[in-house]
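The residues making up each chain are set out below.
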Amino acid sequence: MNNDLQIADKILAESRVIAVVGISPKPDRPSHYVAEYLQRHGYRIIPVNPVCAGTHILGEHCYATLTQAAAALAEQQIRIDLVDVFRKSELVEPIADEAIAIKARAFWLQMGIVNEAATNKARAAGLDVVADRCTKVDHARWRAQQA
């Protein structure tokens, strides 16, 4: 098994709380249905989208930033394990900085999203990193292996 798949499996096995950055309230958007899939499989989804901040997506309060989400959850002794990113490649470096600052365990760039500077920075800070892969696809593969 290649290293990316091993890291993906480790992240999926160890994460419980997933911040979905760039989630859409529209059910037909990949960010929405991937988050909904993960939620159905026992993960707590934390929506992060400045346009939707203050509303609810998938029954969870939506935050403007990862930093605000982490601060609100910390008051409940809840930590964000995984930052799952649905944003354009050129916009993810500040998200990596936030993921590092909130002490997330992992940083995941969805299918089609690649940013070497962001992933290198996250890895250097000790986060498990996956890029250009889908959490839904990898979760389904990982679950099948567990069966």
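Since we're looking at a predicted model, the values are computed, not measured. (Residues numbered from 1 in each chain as written. Predicted model: local features only at pLDDT ≥ 70, side-chain atom pairs only at ≥ 80, totals over all residues. Heavy atoms only, no water.)

A. Representation of helix H4 (residues 93–101) within the structure. Buried residues of H4: Ile95, Ala96 and Ala99, and no others. Taken around the axis of H4, the buried residues stretch over an arc of 105°, which confines them to a single face. Turned more than 90 degrees away from the buried face of H4 sit Pro94 and Ala101, all of them exposed. Taken together, the buried residues of H4 touch strand E1 (17–21), helix H3 (66–74), strand E5 (82–85), strand E6 (106–109) and helix H5 (116–124). Where H4 ends, the next residue or the one after it, Lys103, has phi of about 65°, a positive value. (Buried < 20%, exposed > 50% of the residue type's maximum accessible area, 1.4 Å probe, protein only. Helix = DSSP H or I, 4+ residues; strand = E, 2+ residues; numbered from the N terminus. Arc of directions from axis to C-beta. Contact = heavy atoms within 4.5 Å.)

B. Molecular detail of the nonpolar core. One finds Leu66, Ile80, Val83 and Phe107 to be the most contacted residues of the largest nonpolar core, which totals 26 residues. Secondary structure elements with two or more residues in this core: E1, strand E2 (44–48), H3, E5, H4, E6 and H5. With four residues, the top contributor of residues to this core is H3. Ile7, Val34, Trp108 and Cys134 belong to the second-largest nonpolar core, a separate cluster that totals 24 residues. (Core = buried A, V, L, I, M, F, W, Y, C linked by side-chain atoms within 4.5 Å.)

C. Main features of the packing of aromatic side chains. For the coordinates displayed, the defined rule picks out zero aromatic pairs. Above the ring of Tyr37, the side-chain terminus of Lys136 is found at 5.2 Å from the ring centroid. (Phe/Tyr/Trp six-rings, centres within 6.5 Å; stacked < 30°, edge-to-face > 60°. Lys NZ or Arg CZ within 6 Å of the ring centre and 35° of its normal.)

D. Local environment of the pattern of salt bridges. What the rule picks out here adds up to nine salt bridges. One salt bridge connects Asp128 with Lys10, and the closest N-O pair in it is separated by 2.6 Å. Residue Asp128 is found in strand E7 (residues 128–130), and its partner Lys10 is found in helix H1 (residues 3–14); the two are separated by 118 residues along the sequence. Salt bridges sharing common partners tie together Asp9, Arg133, Asp138 and Arg141. (Salt bridge = Lys/Arg side-chain N within 4 Å of Asp/Glu carboxyl O.)

E. Structural detail: unusual backbone geometry. Non-glycine residue Leu58 carries a positive phi angle of around 55°. By secondary structure assignment, the location of Leu58 is in the loop between strand E3 (56–57) and strand E4 (60–61). The exposure class of Leu58 is buried, given its relative accessible area of 19%. We note that Asp132 has phi near 60°; this positive angle belongs to a residue other than glycine. Within the secondary structure, Asp132 is located in the loop between E7 and helix H6 (135–146).

F. The sheet that holds E2, seen in detail. Here five strands make up an open sheet; going across it, the order is E2-E1-E5-E6-E7 and the pairing parallel. Taken across any chain shown, the strands that pair with only one partner, and hence form the sheet edges, are E2 and E7. Along the sheet, successive strands turn relative to each other by an average axial angle of 20°, direction set aside. Where E5 lies against E6, four bridges are found, and the strand directions are parallel. Within E6, the residue paired with Leu82 across the bridge is Ala106. Contacts from H1 reach E5, E6 and E7, with the element oriented near 120° to E7. (Pairing = 2+ DSSP bridges. Axes fitted to C-alpha atoms, helices over the stretch in contact; angles between N-to-C directions.)

Interpretation in functional terms is not warranted from these geometric data alone.
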